[in-house]
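In case you want the letters, here they are:
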Amino acid sequence: MEVPPHLLPPQKLTRLWEDGQLSRQEYHAAMAIHAKLIIEEMVEARDHPALAYLDQLLNQHAAAKLKRRYGEAILREAMLALAEIPGFPPAVYLWNAGHWHVPLHCFLRSRKEPVFRIRDLRVAGPKVVIRIEHGSKDPRQVIREEVTLRRNRIGEFVAEERIQS
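Residues numbered from 1 in each chain as written. Predicted model: local features only at pLDDT ≥ 70, side-chain atom pairs only at ≥ 80, totals over all residues. Heavy atoms only, no water.

**Q** Please explain the packing of aromatic side chains as it appears in this structure.
**A** For any pair of aromatic rings, geometry is given as the distance between the ring centres together with the angle between the planes. Counted under the stated rule, the structure contains one aromatic pair. Arranged with centres 5.0 Å apart and planes meeting at 15°, the rings of tryptophan 17 and tyrosine 27 form a pair that is stacked. Of this pair, tryptophan 17 sits in helix α1 (residues 10–18) while tyrosine 27 sits in helix α2 (residues 24–47); the two residues are ten residues apart in sequence, bridging distant segments of the chain. Accessibility expressed as a relative area gives 31% for tryptophan 17, which makes it partly exposed. We classify tyrosine 27 as buried; its relative accessible area is 15%. (Phe/Tyr/Trp six-rings, centres within 6.5 Å; stacked < 30°, edge-to-face > 60°. Helix = DSSP H or I, 4+ residues; strand = E, 2+ residues; numbered from the N terminus. Buried < 20%, exposed > 50% of the residue type's maximum accessible area, 1.4 Å probe, protein only.)

**Q** Would you explain the pattern of salt bridges in this entry?
**A** Between side chains of opposite charge, pairing is possible as soon as their charged atoms come close. A full pass over the atoms with the stated rule returns 15 salt bridges. In this structure, arginine 109 and glutamate 41 form a salt bridge, with 3.0 Å as the shortest nitrogen-oxygen distance. Remark: glutamate 41 occurs in helix α2 and arginine 109 occurs in the loop between α5 (91–94) and β1 (115–124); sequence separation between them is 68 residues. Residue glutamate 41 is classed as partly exposed on the basis of its relative accessible area of 27%. Glutamate 133 is the salt-bridge partner of arginine 144, the closest N and O atoms lying 3.3 Å from each other. Note that arginine 144 is positioned in strand β3 (residues 143–151) and glutamate 133 in strand β2 (residues 127–135), a separation of eleven residues in sequence. The exposure class of glutamate 133 is buried, given its relative accessible area of 9%. (Salt bridge = Lys/Arg side-chain N within 4 Å of Asp/Glu carboxyl O.)

**Q** Mind showing me how you'd approach the side chain of arginine 76 here?
**A** Mapped onto the elements, arginine 76 comes out in helix α4 (residues 72–83). Classification of arginine 76 by relative accessible area gives buried; the value is 2%. For arginine 76, the residues in contact, after removing those within four places along its chain, are Ala97, His99, Trp100, Val102, Pro103, Leu104 and Phe107. (Contact = heavy atoms within 4.5 Å.)

**Q** Looking at this model, I keep getting lost on the pairing of β2. Mind explaining?
**A** Where a strand is regular, its side chains alternate between the two sheet faces. Here nine bridges tie β1 to β2, and the two strands are oriented antiparallel to one another. Within β2, the residue paired with arginine 117 across the bridge is glutamate 133. A loop of two residues connects β1 with β2, the two strands running antiparallel in sequence, and glycine 125 in this loop sits at a positive phi of about 65°. With eight bridges connecting them, β2 and β3 associate as antiparallel partners. Looking at β3, one finds that valine 128 is bridged to leucine 149. (Pairing = 2+ DSSP bridges.)

**Q** How should I be thinking about the sheet that holds β1 in this particular structure?
**A** Where strands meet in a sheet, backbone hydrogen bonds hold them as pairs that are either parallel or antiparallel. Pairing is antiparallel in the open sheet, where four strands are placed in the order β1-β2-β3-β4. In this open sheet, the two edge strands, each paired with only one partner strand, are β1 and β4 (157–164). For this sheet the average axis-to-axis angle between neighbouring strands, irrespective of direction, equals 25°. Against the sheet, α4 touches β1, β2, β3 and β4, its axis set at about 115° to β1. (Axes fitted to C-alpha atoms, helices over the stretch in contact; angles between N-to-C directions.)

**Q** Can you walk me through the side chain of serine 110 in this structure?
**A** Of note, serine 110 is situated in the loop between α5 and β1. A distance of 2.6 Å separates a polar atom in the side chain of serine 110 from a polar atom in the side chain of asparagine 59. Those residues in contact with serine 110 that lie beyond four places of it in its chain are Asp55, Leu58, Asn59, Ala62, Val115 and Arg117. (Polar contact = N/O pair within 3.5 Å; in protein donor to acceptor, adjacent residues only side chain to side chain.)

Here it is in structure tokens:
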């Protein structure tokens, strides 16, 4: 099952439901789509264990490299901020990056479509510039973006600028 483009990440769905903008049935239907996506990935991993294991190793390697280079806390904060960008497709995979019990490599998708890779991260005071790739695994079709995040008055990162390259 492909991720529907209109599917909001769970944290946004929950906010809408709590604010009374979604009915209980609409909330459950949207969350059921998320559950179905997760189950389909689990079935695919069971059916192709060697490919799933290789993908896991690649993601673990990428996560370890990113953690050494930038630190896990800043990476998780940046991913959470990316998940809040309206219409950002990888948000459905990044929404719970703030949950430290979920390993960092679970948010990276090196080869499995839709891919999500962090290529570079630059910290300059209250601002972070993060270069990412997402979408297709075909290098000619992958979406490359540079997103500038800035801390708001309560210290959380929010997206300030997005540039596709």
